[in-house]
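Overview (structure and organization)
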Amino acid sequence: MKPKPEHTTQRLKTLLHCEDNLETDLGAWFPGERVVFRGKDLFSELNDLPWMSLLLYGITGRLINSKQNRLFESIWALCVSYPDPRLWNNRVAALAGTARSTGALGVAAATAVTEAKIYGGQANFGAIEFVKHALNSYQRDPGNFANFVNDELKTKRVIPGFGRPIVANDERIPPLMRVVTELGYQDEPHLNLVFEVERILLEGRKRMRMNITGLAAALAADQGLTTQEYSAYLIHAFGAGIVPCYLNAVETTAGSFFPLRCDRIQYEGQETRKWA
Amino acid sequence: MAKEKDVIHSRIWSEEPEADNPFAAARCFCAGYDVYGEVIHKASWIEYVYLMFRGERPESAQAKQFERLAIALANPGPRDHSVRAAMNGGVGGSTSAACLMAALGVGAGQFGGAHEVALAMYCWEQCAQDLAQWRECLQSPPSGALGEFWPDLEHAPGFDPYGQSCPTPVLQTLELLAAGKPSTRLRWLSEHREELEADADGPLAMTGVAAAALADLEFSIEQGEMVFLLLRLPGAAAHALEQRKFGWRRYPFFSDGLHLSNDPGPTTTAKTENEHETEA
């Protein structure tokens, strides 16, 4: 392609401008002196923040209050950190332990695996997108909301945040709702709406219940998190379950985590054949 | 009745155990071929990789084409984002796996990475060799086509939004692969490159050549994405090890490169502490 001269300048302009030049309002380390974190001094202005508040400040640029901090911590603590090494992401950490890899490698790999479709990152993304979309729909036409929900289910076959593999009910909802009620967040628009969605779905053929993904997404949306902020907030959410799965495996006999005999591979492919 | 044990279902791999140990394999078969009894003697590495993904041996021309692609992708060089990620692991003394994980995590992206290749392969699937459809696809890139949780696509996949003209290595690779077989898409890409570049508002990139080559080799989009990730690891590994030896002192830190737009300046507390240190 023969680029036009004026286009040539435009194309390169971004890279030339950014060469050895990062303009940012995120923060910086001043070696031996101080750290600026989104426009505030970490050691004198943010020094009393709990870690969750600092995390959310980093993500959103907004400071949360102690009630919000408790809510966001409770979502992590009660909902996604099960120390069961059979769970797919936890199992990665346990495999790292039994294979005598390092903690960070096992946990990083498990965290990456958590960005999954049937649970974790992609499911949470879908759930908050749905609750936001659903509230818009409800506000536009409340009388037609049941049709909206049923149409979503019909066209997409799933509604993120509703239904659950293995079991129908979600044991995490009552304990999280107790915290929500205690904090006074029980009457918020997205939250009310997800219970209405559940009511509609329970009347349908599939009788789907809300799962924790739907509830947590509604609570976060009510606190003003965008889809991207919510996804970022949840990246480390599974950590309290993942880390002990690694430790437990690395503290037991090497290679002893669910060993598999050769005949546990059920081969369903081509018959034995010759290469030549 | 005892519950049946869980099994791993596979069309790729089967094993026969050693007589004295059910946990050790005596013979391993890949798609029906005896790996240690025969494949290791007769196959090239690239043929074996192709077999794993496709379930069948490649024809000799396919194997040659695949190997050439593997060489083209093996090392994007130390300025590439994925290799830089691996080198950041190297200079800090991170573990070898961390360096490769860094390369994979960064090289997975849709700006020069494996997801861009997947999206370009998606364009091939949608547009085949129809210029009008390509125009539509390149001018309105298929953001979210392979998963809405990915960041929005900001350029036409397979093309470089910052490029001036198609770089020589990209042209050399395209020319060589288009002359080989299979190359239906590669030849069409070579013939229509300039029109496509105009529609994409940028020159063809190596991701675009890789996508066409992987599609010609009959890899699915998911397989192509995986293969691209895999094939770029050698360079990342070698550069990470090299930088581990050079060390962080000889590696760019961009000391004067960060410009903070909202620096509050030293606070009273910080000033006081520094003054104490000076006094001490």
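All residue numbers refer to positions counted from 1 along the written sequence of the respective chain. Labels are handed out in written order, letters beginning with A for the chains and numbers beginning with 1 for the ligands. pLDDT decides what is reported in this predicted model: residues at 70 or higher carry local features, side-chain atom pairs at 80 or more are listed and counted, and totals for whole chains, interfaces and linings draw on all residues regardless. By convention in this description, side-chain values take in all heavy atoms of the structure and omit both hydrogens and water.

What about the overall build of chain B?
Labels follow the DSSP assignment, with helices taken as runs of H or I lasting at least four residues and strands as runs of E lasting at least two, numbered in each case from the N terminus. The helix and strand tally for chain B stands at 13 helices and 5 strands. Against the 2.2 N^0.38 benchmark of 19 Å for 280 residues, chain B shows a C-alpha radius of gyration of 24 Å, more extended than a compact globule. Its C-alpha atoms give chain B principal-axis dimensions of roughly 75 × 60 × 45 Å. The rule is simple: take the accessible area with a 1.4 Å probe, protein chains only, and divide by the maximum for that residue type; under 20% is buried, over 50% is exposed, in between is partly exposed. Put simply, chain B has 280 residues, and 44% of those count as buried. A contact between two residues is defined here by any heavy atoms of the two lying within 4.5 Å. For chain B, the share of sequence-separated contacts (at least 6 apart) that also reach a separation of at least 24 residues comes to 63%. Per-residue and other accessible areas were derived by the Shrake-Rupley procedure at a 1.4 Å probe size, with only the shown protein chains allowed to occlude residues. Surface accessibility of chain B: about 15,100 Å² in total, with carbon and sulfur atoms responsible for 52%. Placing the 22 positive and 39 negative side-chain charges of chain B at their respective mean positions leaves the two points 7 Å apart. Radius of gyration here uses only the C-alpha atoms, and the compact-globule reference equals 2.2 Å multiplied by the residue count raised to the power 0.38. Asp and Glu count as negative and Lys and Arg as positive, but His and the ends of the chain are not part of the count. Charge positions are represented by NZ for Lys, CZ for Arg, CG for Asp and CD for Glu.

Describing the domain arrangement of chain B
Residues and elements named next belong to chain B. Start and end points for every domain follow an automatic or database-based domain assignment. Entries for chain B in the domain assignment read domain 1 (13-57) and domain 2 (66-241). One C-alpha centre belongs to domain 1, the other to domain 2, and the line joining them spans 30 Å. Put simply, buried area is the surface a 1.4 Å probe can reach on two separate parts but cannot reach once they are joined, added for both. Roughly 790 Å² of surface becomes buried between domain 1 and domain 2 when both sides are summed, with 74% attributable to carbon and sulfur atoms. The salt bridge definition used is simple: a Lys or Arg side-chain nitrogen within 4 Å of an Asp or Glu carboxyl oxygen. On the surface where domain 1 and domain 2 come into contact, there are 1 salt bridge. Put simply, Arg54 and Glu218 hold a salt bridge, and the shortest N to O gap is 3.9 Å. Polar contacts here mean pairs of N or O atoms no more than 3.5 Å apart (in protein, one a potential hydrogen donor and the other a potential acceptor; neighbouring residues in sequence count only if both atoms are side-chain atoms). Summed over the shared surface of domain 1 and domain 2, the result is 4 residue pairs in polar contact (both at pLDDT 80 or more).

A short note on the interface of chain B and chain A
Listed per partner, the contact involves 63 residues of chain B and 53 residues of chain A. The junction of chain B with chain A conceals about 5,000 Å² of combined surface from both sides, 58% of it contributed by carbon and sulfur atoms. Looking at the side of chain B facing chain A, the largest losses of area belong to Phe149, Tyr162 and Gln164 of chain B, adding up to 14% of the total buried there. Taken together, chain B and chain A are joined by 2 salt bridges. Among the salt bridges present, the one from Arg34 of chain A reaches Asp263 of chain B, with a minimum N-O distance of 2.8 Å. Between the two partners, chain B and chain A, sit 22 residue pairs in polar contact (both at pLDDT 80 or more). Sort the elements by how many residues they give to the side of chain B that touches chain A and strand E3 (residues 21-30) of chain B lands first, with 5 residues.

Concerning the domain arrangement of chain A
Residues and elements named next belong to chain A. On domain assignment, one finds that chain A holds domain 1 (24-64) and domain 2 (120-233). The distance between the C-alpha centroids of domain 1 and domain 2 comes to 32 Å. Taken together, the contact pairs 6 residues of domain 1 with 5 residues of domain 2. Counting the surface lost from both domain 1 and domain 2, the interface buries some 430 Å², and carbon and sulfur atoms represent 69% of this. Taken together, domain 1 and domain 2 are joined by 1 salt bridge.

A short note on the sheet that holds strand E2 (residues 13-18) of chain B
All names here are of chain B. Within the open sheet, the 3 strands sit side by side as E2-E3-E4. Their pairing is antiparallel. Whereas interior strands pair on both sides, the edge strands pair on one side only; in this sheet they are E2 and strand E4 (33-34). Judged from the 6 bridges that link them, E2 and E3 form a sheet pairing that is antiparallel. Bridging across to E3, Glu18 finds its partner in Asn21. Two strands make a pair as long as DSSP finds a minimum of two bridges between them.

Things to note about the pairing of E3 of chain B
As consecutive antiparallel partners, E2 of chain B and E3 of chain B are separated by 2 residues. Linkage of E3 of chain B to E4 of chain B, two consecutive antiparallel strands, is achieved through a turn of 2 residues, within which Ala31 of chain B is found at a positive phi near 50°.

Here we look at helix H8 (residues 173-183) of chain A
Owing to its 3.6 residues per turn, the α-helix aligns residues three or four sequence positions apart on the same side. Residue and element names in this part refer to chain A. Those residues of H8 that fall on the buried side of the exposure criterion are Ile173, Leu176, Met177, Val179, Val180 and Leu183. Projected down its long axis, H8 shows its buried positions confined to an angular sector of 155°, all on one face. Within H8, the exposed residues directed more than 90 degrees away from the buried face are Arg178 and Glu182. Gly184 lies just past H8 and shows a positive phi near 80°. To obtain the arc, one takes the directions from the helix axis to the C-beta atoms.

Digging into the pattern of salt bridges
A full pass over the atoms with the stated rule returns 19 salt bridges over all chains. One salt bridge connects Arg172 of chain A with Asp170 of chain A, and the closest N-O pair in it is separated by 2.8 Å. Residue classification places Arg172 of chain A among the buried residues on the basis of a relative accessible area of 12%. Between Arg232 of chain B and Asp80 of chain B there is a salt bridge; the shortest N-O distance is 3.6 Å. Within this pair, whereas Arg232 of chain B is found in the loop between helix H11 (221-231) and helix H12 (233-246), its partner Asp80 of chain B is found in the loop between helix H3 (60-74) and helix H4 (81-91), the two being separated by 152 residues in sequence.

Description of the packing of H4 of chain B against H12 of chain B
Residues and elements named next belong to chain B. For helices, the fitted line uses only the C-alpha atoms of the stretch in contact; every axis is such a line through C-alpha atoms, and the angle between N-to-C directions lies from 0 to 180 degrees. At their nearest, the axes of H4 and H12 sit 7 Å apart, and the two run at 35° to each other. Like other packed secondary-structure pairs, H4 and H12 cross with a definite hand, here right-handed. On the side of H4, the interface is formed by Val83, Ala86, Met87, Gly90 and Val91, while H12 contributes Gly235, Ala236, His239, Ala240, Gln243 and Arg244. Side-chain classes follow a simple rule in which Ala, Val, Leu, Ile, Met, Phe, Trp, Tyr, Cys and Pro form the nonpolar group, Asp, Glu, Lys and Arg form the charged group, and the remainder, Gly included, forms the polar group. Partitioned by chemical class, the residues of the contact of H4 with H12 number 6 nonpolar, 4 polar and 1 charged. What makes a crossing left-handed is the near helix being turned counterclockwise from the far one by less than a right angle; a clockwise turn instead makes it right-handed.

Re the packing of aromatic side chains
Residues and elements named next belong to chain A. Between 30 and 60 degrees the pair is tilted, below 30 it is stacked and above 60 it is edge-to-face, where a pair is any two Phe, Tyr or Trp rings, Trp via its six-membered ring, whose centres lie within 6.5 Å. Tallied over the entire structure, the rule returns 22 aromatic pairs over all chains. Ring geometry for Phe72 and Tyr233: centres 5.1 Å apart, planes at 70°, overall edge-to-face. Of this pair, Phe72 sits in helix H3 (residues 66-79) while Tyr233 sits in helix H11 (residues 227-233), and the two are 161 residues apart along the sequence. Plain terms: the ring middles of Phe130 and Phe162 are 6.1 Å apart, the flat faces sit at 80° to each other, and that makes the pair edge-to-face. Of this pair, Phe130 sits in helix H6 (residues 120-140) while Phe162 sits in the loop between helix H7 (145-156) and H8; the two residues are 32 residues apart in sequence, bridging distant segments of the chain. The buried category is assigned to Phe130, whose relative accessible area is 4%.

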